[in-house]
Amino acid sequence: MGCCAGPAPLAAGAGVRRFLLRYDPPGLGVEVDNLGEVVIRHIDCPASSEVKSSRDIRRLVEDIIGKYPMLLSRRRHNGALVKLLGRLYSIEIEPDEAKVPKTSSDRRADNDSEFRPEPGQQVVVTKQTGDLQVHNGEVGTLIKVKLDKDKYEISIGDGQTILKLKGIESLFVCAPGIGFNPGAPVVIRKLRNHMELNGCLGHIVSGHANDQRFEVRAVESRQLFRVKRENLVAVSVEGRGIPPHKEESPATAAASSPRAARASGPPAGPVAAGVAAARAAGAPEKQASPQHGLAAERDTAFAREGATITLHGLKTAAEFNGMTAIVKSVDRTRGRYEIRLEDGSVKTVRADNVKICG
């Protein structure tokens, strides 16, 4: 997806005053103080049919900032541009999605004790998407580290597979000495039936020595899973900016994590989280019960692909509230739907903003 702008030259030291939106055709105006003269740099943006999700919005913002490095910066302008373009394309943007991920140099400036991986360390791969998603949860050896470019090369298995990753958030150093005591950080791995959970970072809540299974609370989603020991690897989170684990009471967990059991989808109801945990561990569903303390994680069923839904509770795109749409795809891990509206346009919305019809 491309964007272009007018040829008006800008002097060194020109600064951005504000951004302006153009709805038809989609575009962005950048009001600039050009050494005392106010000028507007016009940027043409892709058609609405080309921007269908918050991921597309972030890519477009990166494209725009990359083309004007002397005028725009990720640290100062990323959040504002993500929110504005979300409004332009009527795509719901969560607050966390507008935040700028810190680069390794940013983190070093913030914290002298920052995590600094070194060649030879055993690491576990996380947060990969697309073709690399199959490697989430795999353990390998760091063979190359370029901190200035935030790039890493990892040798997997017998060394025949070399992964080239970007982003320090893509890996955690293995720490077998930590063990599996309550509060210990771990990464889920080698799940076959729920591969989308591989690479998920969590903390041990409790262990069950009799059957070698552990209850693990995911750091990001706050979901609770019951996982076999063989499907966990202990990791270090030192210098990673991850707060120490503090287990919530069942009532607090239910209130703060309404999507707790969604990674496994239906069934819904009071035992949904227990079923999700049992499924993640490869255990029969009958083993999941309220006695495991998982039933407090409330949930509702996901709509299936092809189902008719109604939109509600949208804030930045309130004009879509009350409209009906058809579900194209379901992302249970992130709690999102890709939907097709009656006019044929495709949008991505949070599950909280959807009501299942019928």
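Criteria and cut-off values
- Residues numbered from 1 in each chain as written.
- Predicted model: local features only at pLDDT ≥ 70, side-chain atom pairs only at ≥ 80, totals over all residues.
- Heavy atoms only, no water.
- Axes fitted to C-alpha atoms, helices over the stretch in contact; angles between N-to-C directions.
- Helix = DSSP H or I, 4+ residues; strand = E, 2+ residues; numbered from the N terminus.
- Parallel < 35°, antiparallel > 145°, perpendicular 65-115°, else oblique.
- Left-handed = near helix turned anticlockwise from the far one by under 90°.
- Contact = heavy atoms within 4.5 Å.
- Nonpolar A, V, L, I, M, F, W, Y, C, P; charged D, E, K, R; others polar.
- Pairing = 2+ DSSP bridges.
- Expected span 1.5 Å × (residues − 1).
- Buried < 20%, exposed > 50% of the residue type's maximum accessible area, 1.4 Å probe, protein only.

Quick notes on the packing of helix H1 (residues 54-67) against helix H2 (residues 74-88)
- Between H1 and H2, the shortest axis-to-axis distance is 9 Å and the interhelical angle comes to 135°. Relative to H2, the element H1 lies oblique. In the crossing of H1 with H2, the sense of the turn from one axis to the other is right-handed. In this structure, H1 contributes Ile57, Leu60, Val61, Glu62, Ile64 and Ile65 to the contact, and H2 contributes Arg74, Asn78, Leu81, Val82, Leu85 and Gly86.
- Per-class residue counts for the contact of H1 with H2 are 8 nonpolar, 2 polar and 2 charged.

Digging into the sheet that holds strand E16 (residues 324-331)
- Ordered in space as E18-E17-E16-E15-E19, the 5 strands form an open sheet in which the pairing is antiparallel. Looking along the sheet, the strands with just one partner apiece sit at the ends: strand E18 (346-350) and strand E19 (354-356). Neighbour to neighbour, the strand axes of the sheet diverge by 45° on average, direction disregarded.
- The pairing of E16 with strand E17 (residues 336-341) spans 6 bridges and is classified as antiparallel. Paired with Ala325 across the bridge in E17 is Leu341.

Some thoughts on H2
- The end-to-end C-alpha distance of H2 is 19 Å, a good match for the 21 Å that 15 residues give at a rise of 1.5 Å each.
- Among all positions of H2, only His77, Asn78, Gly79, Leu81, Val82, Leu84, Leu85, Gly86 and Leu88 are buried.
- Following H2 by one or two positions, Ser90 adopts a phi angle in the positive range, close to 55°.

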